[in-house]
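# Tertiary structure, described
The chain contents come next:
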Amino acid sequence: MENQEDLAKLLTAEMGKPLAEARGEIVYGAGFVEWFSEEARRIYGDTIPSPASNKRLVTIKQPVGVAGMITPWNFPNAMITRKASAAIAAGCSVVIKPSEDTPYSALALCELGSQAGIPPGVLNIITSSREKTPSVGKLLCEHPLVSKISFTGSTAVGKILLKQSAASVKRVSMELGGNAAFIVFDSANVDAAVAGAMASKFRCSGQTCVCSNRILVQEGIHDRFTDTFKNAVAKLKVGDGFEDGVTQGPLINSSAVEKVESHVCDAVSKGAVVVTGGKRLGDKTNFFQPTILTGVKQDMVCAKEETFGPLAPIMKFKTEDEAIAIANSTSSGLAGYFFSGDTSQIWRIAERLQVGMVGINEGILSSVEAPFGGVKESGIGREGSKYGIDEYLQIKYLCFGGI
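As a starting point, this report considers the structure included with it. (Residues numbered from 1 in each chain as written. Predicted model: local features only at pLDDT ≥ 70, side-chain atom pairs only at ≥ 80, totals over all residues. Heavy atoms only, no water.)

## Details of the sheet that holds strand 2 (residues 56-63)
The sheet built from 3 strands is open, its strands ordered 1-2-16 with antiparallel pairing. In this open sheet, the two edge strands, each paired with only one partner strand, are strand 1 (46-48) and strand 16 (393-400). On average, adjacent strands in this sheet sit at an angle of 25 degrees to one another, irrespective of strand direction. With 8 bridges joining them, strand 2 and strand 16 adopt antiparallel strand pairing. What sits directly across from P63, in strand 16, is L393. (Pairing = 2+ DSSP bridges. Helix = DSSP H or I, 4+ residues; strand = E, 2+ residues; numbered from the N terminus. Axes fitted to C-alpha atoms, helices over the stretch in contact; angles between N-to-C directions.)

## Some details on the packing of helix 1 (residues 4-15) against helix 4 (residues 103-116)
Close contact between helix 1 and helix 4 brings their axes to 8 Å; oriented N to C, the two are set at 160 degrees. One element, helix 1, and the other, helix 4, form an angle in the roughly antiparallel class. Contacts from L7, L10, L11 and E14 of helix 1 reach helix 4 at P103, Y104, S105, A108 and L112. Class assignment of the residues belonging to the contact of helix 1 with helix 4 gives a composition of 7 nonpolar, 1 polar and 1 charged. (Parallel < 35°, antiparallel > 145°, perpendicular 65-115°, else oblique. Contact = heavy atoms within 4.5 Å. Nonpolar A, V, L, I, M, F, W, Y, C, P; charged D, E, K, R; others polar.)

## Concerning the packing of aromatic side chains
The tally for this structure, following the rule as stated, stands at 8 aromatic pairs. Taken together, a centroid distance of 6.2 Å and an interplanar angle of 40 degrees make the contact between F202 and F229 tilted. Pair noted here: F202 is in helix 7 (residues 190-202) and F229 is in helix 8 (residues 222-233), with a separation of 27 residues, a long-range link. Exposure remark for F202: the relative accessible area of 2% places this residue in the buried category. Linked through ring pairs, F182, Y337 and F339 together constitute an aromatic cluster. Here the guanidinium or amino end of K148 rests over the ring plane of Y392, the centre of that ring lying 5.1 Å away. (Phe/Tyr/Trp six-rings, centres within 6.5 Å; stacked < 30°, edge-to-face > 60°. Buried < 20%, exposed > 50% of the residue type's maximum accessible area, 1.4 Å probe, protein only. Lys NZ or Arg CZ within 6 Å of the ring centre and 35° of its normal.)

Right, dumping it as structure tokens:
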């Protein structure tokens, strides 16, 4: 943590995240290093009762081998530590291909790892241009010395990597795209729900895989929630991540801005109303206004695709069943959120949402100690928590005879 400020400044310079958020990411990332260093001593095997008196049955866990990792730009520090710390603790060497947008954070971590005593060849970084990224990923997936692939990124790219890894039957972990529903029921505390929506939607300028992508509000509370939400969004400050008070940095590139613009234009053309925002700041910048839309329907692109930007589309619903049907009407299943004051409803909704992680009266669910991952087309495997190290271990059965 003595390098927190330098790492945070590097992160902000690379991808624009406000410095306060960047500092928080460094703390979060360091937590995985500490966590998995402690989990290394808890890689337990088992003794199994034998059906034969002259045999003893035992299992041990061994490292899977060299792990190839492809990491994203939105958390260029924490996504590396979450993967690499687990793998190294399990006994694997790692080869990391960081995003071409954020190579310096990865290189800095590698240098700090060397200074901390990680032996040469254990933690390795491969940087590449955007044009050569597909060929680097293909090489990692197909190389016979690589036993494991871990990827965080889009579902489309994840499917390509899965196909490339299939020929050599590699172990894979995939943390892919989301389309998180954020449901607010009539029984919810409106102020708490708005605070949760702000945290979930606008962190990293809406560029996280667990951001609320569809905000569903029950009709009895819809107008009050929307007004309160609008007032909260008005307090956000867009600008250079190094400036004091800035809460929203730029989007990662012009393509990201164009995607948000297209989602807004599509929704408005089909009847949605812009409550606030809705435009790029300046003609050629990567800054986009925090935006709220109302009157959003399921046929609009922003309701069907992950926006990955500061767009909050609000959909009105009547019944619990309707909300669940909308929330689950997607091939994604990473995270979901809901706010309710009804205990029975809380249990029903938590069990019915088809996602890997659920925030219940809470807008931030990531934690070093908790398993991170999705279902359906949002991924395979889990990262973090006590389960994360198992992604880099294989079980070996030992049968002792002649006892």
